[in-house]
Amino acid sequence: KREAGKIEVAEPRNKLPRPAPSLPIDPALYSGPFPFYRRPSELGCFSLDAQRQYHGDARALRYYSPPPTNGQSPNFDLRDGYPDRYQPRDEEVQERLDHLLRWLLEHRGQLEGESLSYPILWRMTWRGHLTKLLTTPYERQEGWQLAASRFRGTLYLSEVETPAARVQRLTRPPLLRELMYMGYKFEQYMCADKPGVSPDPSGEVNTNVAFCSVLRSRLGNHPLLFSGEVDCTDPQAPSTQPPTCYVELKTSKEMHSPGQWKSFYRHKLLKWWAQSFLPGVPNVVAGFRNPEGFVCSLKTFPTMEMFEYVRNDRDGWNPSVCMNFCAAFLSFAQNTVVQDDPRLVYLFSWEPGGPVTVSEHRDAPHAFLPPWYVEAVTQ
Ligand code: A3P
Ligand code: MG
Ligand code: MG
């Protein structure tokens, strides 16, 4: 019998090759009680500017500024400015963990100050990578690959674009490109550069710009340090303390039938929940767009209430399954990546329908801890 989170170790039988360790993903294996998850706290932040340059401050943070609630519904044209006022980020550039590593180097003292005698052995990564882990037990379309290295006790996890994802990106149909733009355009209608002022949707949409929060948490016995992009902060939020003042913005197709809502709760809400639950972002504000690309209604979904929409749905998702699977994956990775060597990479691969498998690599192209980081930490 296979047990979640345990590596299969071969009995030393008659010269049988040791089966490669793998991790099953069946939801039924992970349906136990909700695991411990420390309330996420913000350790710091950084910004990326219009040229994708790093700044160790909150200059790219925007302020939530919804339209006045005077009985009128919004009328945001999400296609306005496409493609002439659109500066998309160059997706060929693989940034891996680089921005987060730069933040870490610049705040090393702060982290070591936590406890010198018992240093915390972090699992470090992007929030988006953890989101993919959370939704894996329910994912039926897109696989993933995560590269992992251990260096000075810390486990680093960095996503690798799968060949299939690369093909999809390079052959992305024009309508899908425009849909991507529309998600960012919605942010421009809902956010201002300063608190208390109205949004200005006349400018360019530049997706190089990002504000990233760096957070710490713990899942079971796994101390987590991760960074995630944050859409905006609400100056009117009951608590001004990050991450509880942050707001996640989303767009979705307008729905007309109960069947459409049900499918939205089963699929989209799972992704929204996973993305915002991890960093402790309390609210997701959705803009529903009509077929012409106009947002005519808004709805706030409190992250902690999302599960209620599928609690009684046999084909719904379960937060415990998501979190237990993530914890099991982290244990699996923790037990696999034993050697402390920044040039050694374990590539965890998953395709829908199968288990998570592992392969071992050295140096290029998979090694992802840059020399400037390794050298600075080694000194
Ligand atoms: P929506 O959120 O309205 O889908 P995020 O919501 O995570 O802040 O991302 C902002 C926008 O980036 C998204 O808007 C979407 O347009 C685009 N985007 C993010 N992740 C994407 C993905 N995996 N594929 C396509 N577009 C994506
Ligand atoms: Mg965002
Ligand atoms: Mg968003």
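Residues numbered from 1 in each chain as written. Chains lettered and ligands numbered in written order. Predicted model: local features only at pLDDT ≥ 70, side-chain atom pairs only at ≥ 80, totals over all residues. Heavy atoms only, no water.

Taken together, the protein ligands of the magnesium ion (ligand 3) are Asp 231 (OD), Glu 248 (OE) and Leu 249 (O), with distances of 2.1 to 2.2 Å. The distance between the magnesium ion (ligand 3) and the magnesium ion (ligand 2) is 3.6 Å, with Asp 231 acting as a donor to both metals. Separated by 18 residues along the polypeptide, Asp 231 in the loop between β13 (222–229) and β14 (232–233) and Leu 249 in strand β15 (residues 246–253) bring together distant segments of the chain. The exposure class assigned to Asp 231 is buried, which follows from its relative accessible area of 3%. (Donors = N, O, S within 2.8 Å, 3.2 Å for Na, K, Ca; no water. Helix = DSSP H or I, 4+ residues; strand = E, 2+ residues; numbered from the N terminus. Buried < 20%, exposed > 50% of the residue type's maximum accessible area, 1.4 Å probe, protein only.)

For the rest of this paragraph, the subject is the pattern of salt bridges. Tallied over the entire structure, the rule returns 19 salt bridges. A salt bridge links Asp 80 to Arg 85; the shortest N-O distance between them is 2.9 Å. For Asp 80, a relative accessible area of 30% corresponds to the partly exposed category. For Arg 166, the salt bridge goes to Glu 92, with nearest N and O atoms at 3.2 Å. (Salt bridge = Lys/Arg side-chain N within 4 Å of Asp/Glu carboxyl O.)

Quick look at the sheet that holds β13 now. The strand order β1-β19-β18-β8-β9-β7-β13-β12-β2-β3 describes an open sheet built from 10 strands, whose pairing is mixed. Strand pairing shows two members of the sheet lacking a second neighbour, β1 (22–23) and β3 (54–55), which therefore form its edges. Both strand β7 (residues 123–126) and β13 contribute to a ladder of four bridges, which runs parallel. Each residue of the ladder has a partner; that of Arg 123, found in β13, is Leu 224. Its contacts with the sheet put helix α3 (residues 127–135) on β7, β8 (144–151), β9 (154–160) and β13, and the angle it makes with β7 is roughly 95 degrees. (Pairing = 2+ DSSP bridges. Contact = heavy atoms within 4.5 Å. Axes fitted to C-alpha atoms, helices over the stretch in contact; angles between N-to-C directions.)

Turning next to the environment of Glu 106. Along the chain, Glu 106 falls in helix α1 (residues 98–106). Remark: the alpha-carbon pair of Glu 106 and Gly 56, spanning 50 residues in sequence, is separated by 8.5 Å. Separated by 2.9 Å, the side chains of Glu 106 and Arg 102 make a polar contact. (Polar contact = N/O pair within 3.5 Å; in protein donor to acceptor, adjacent residues only side chain to side chain.)

Here we take up helix α8 (residues 371–378). For α8, the set of buried residues is Tyr 373, Val 374, Ala 376 and Val 377. End-on view of α8: buried residues confined to an arc of 165 degrees, all on one side of the axis. Within α8, the exposed residues directed more than 90 degrees away from the buried face are Pro 371 and Glu 375. On its buried face, α8 sits against α1, α2 (108–112), β8 and β9. (Arc of directions from axis to C-beta.)

With that out of the way, let us pick up the site of ligand 1. In the vicinity of ligand 1, the contacting residues are Leu 179, Met 180, Gly 183, Tyr 184, Glu 187, Glu 229, Asp 231, Glu 248, Leu 249, Lys 250, Thr 251 and Gln 275. Here an oxygen atom of ligand 1 sits 3.0 Å away from a polar atom, N or O, in the side chain of Glu 248. A distance of 3.5 Å separates an oxygen atom of ligand 1 from a polar atom in the backbone of Leu 249. For ligand 1, the protein covers 61% of the area, taking 530 Å² as the surface of the free molecule. With five residues, helix α5 (residues 174–190) is the largest single contributor of residues to the shell around ligand 1. A per-class count over the shell around ligand 1 returns four nonpolar, three polar and five charged. (Near = heavy atom within 4 Å. Areas by Shrake-Rupley, 256 points an atom, 1.4 Å probe, with all protein chains shown as cover. Nonpolar A, V, L, I, M, F, W, Y, C, P; charged D, E, K, R; others polar.)

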